Amino acid sequence: MIQLGMTSINRPRRGLVLSGGGLFGAFQAGACEALGQFDCVAGASAGALNGWAIASGMPPAELQKLWLDAASARRGILDTRNLEAMVRALVRDWRPRVDFAVVVSQGWQCRQVLIRNGDVDADVLLASCAIPFLLPAKRIRGIISFDGGLRDACPLWAARAMGAQEIVAVNVWTHLPKWWPGLAQRARRYQPGVTMIEPPFALGSILSSAFADSARVAAWIEAGRHSANSVFAR
């Protein structure tokens, strides 16, 4: 059941935000074991896929297997047919149990838009993963829509728009080049009410976020597990 506003008299609304990151999304799959329960979940790009799974109550081991399987595709995350099959199976077999939203970029100005709950379908998830010139965009509500993390890879604003007072964010894009759009948003993330979980080291090049073998993906899963446990232990 979707809960809005304060979840109880004593507990503020708790939100989860998952960044984009291609196959680095495996780090989020490892981290999810330590995350606990949330009242709302928002994601961009790969984080939208993880967000759908987590909001649906998918067991961590099953989500981790999803990323290990994605690594075995011939063209990695850029294998359009495999990605579409993965997303459509995810939507067919699972359904979010809490307030859920996906960030997509729309139009040639890349305006970030939040699409929530019953308006999210397989095409919306695919649109949020659509990297210009690499993965095909989708038309959502008649507007060209693509990668939700282009302007802000880890959109904390999405959880705030959903009413979250406490936010946990799992951000895998810690090594973006200085010219990357939205990088200035990074300095705003470390603030009261926000718990950031990030890799302690760069997971790899931007290219490796699209192409990686199962051994490397397994290492990213373990890194996510360790990082999340370390953050909450503190």
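Residues numbered from 1 in each chain as written. Predicted model: local features only at pLDDT ≥ 70, side-chain atom pairs only at ≥ 80, totals over all residues. Heavy atoms only, no water.

Visitor: Can you lay out the pairing of strand E2 (residues 40–44) for me, pointing to particular residues and giving the numbers?
Guide: Most of E2 is tucked away, with five of its five residues classed as buried. Residues Cys40, Ala42 and Ala44 line one face of E2 and the alternating positions Val41 and Gly43 line the opposite face, and both faces are buried. Bridging between strand E1 (residues 14–18) and E2 involves four bridges; their strand directions are parallel. If you follow Leu18 over to E2, its bridge partner there is Gly43. Once you follow E1 into helix H1 (residues 25–31) and on to E2, the crossover reads as right-handed. Where E2 meets strand E3 (residues 99–106), five bridges bridge the pair, whose relative direction is parallel. Paired with Val41 across the two strands is Phe100, which belongs to E3. (Buried < 20%, exposed > 50% of the residue type's maximum accessible area, 1.4 Å probe, protein only. Helix = DSSP H or I, 4+ residues; strand = E, 2+ residues; numbered from the N terminus. Pairing = 2+ DSSP bridges. Right-handed = clockwise from strand over helix to strand, strands pointing away.)

Visitor: Residue-level account of the side chain of Gln106, with values.
Guide: Looking at the secondary structure, you find Gln106 in strand E3. At 3.0 Å, the side chain of Gln106 forms a polar contact with the side chain of Ser145. Beyond its immediate stretch of four places on either side in the chain, Gln106 contacts Arg111, Val113, Ile140, Ile143, Ile144 and Ser145. (Polar contact = N/O pair within 3.5 Å; in protein donor to acceptor, adjacent residues only side chain to side chain. Contact = heavy atoms within 4.5 Å.)

Visitor: Any chance you could break down the pattern of salt bridges for me, citing the residues and the numbers?
Guide: Taken as a whole and judged by the stated rule, the model has ten salt bridges. For Arg13, the salt bridge goes to Asp99, with nearest N and O atoms at 2.6 Å. Here Asp99 lies in strand E3 and Arg13 lies in the segment before E1, a separation of 86 residues in the sequence. For Arg13, a relative accessible area of 0% gives the class buried. Residues joined by salt bridges that share partners form a network here, namely Glu84, Arg88, Asp123 and Lys138. (Salt bridge = Lys/Arg side-chain N within 4 Å of Asp/Glu carboxyl O.)

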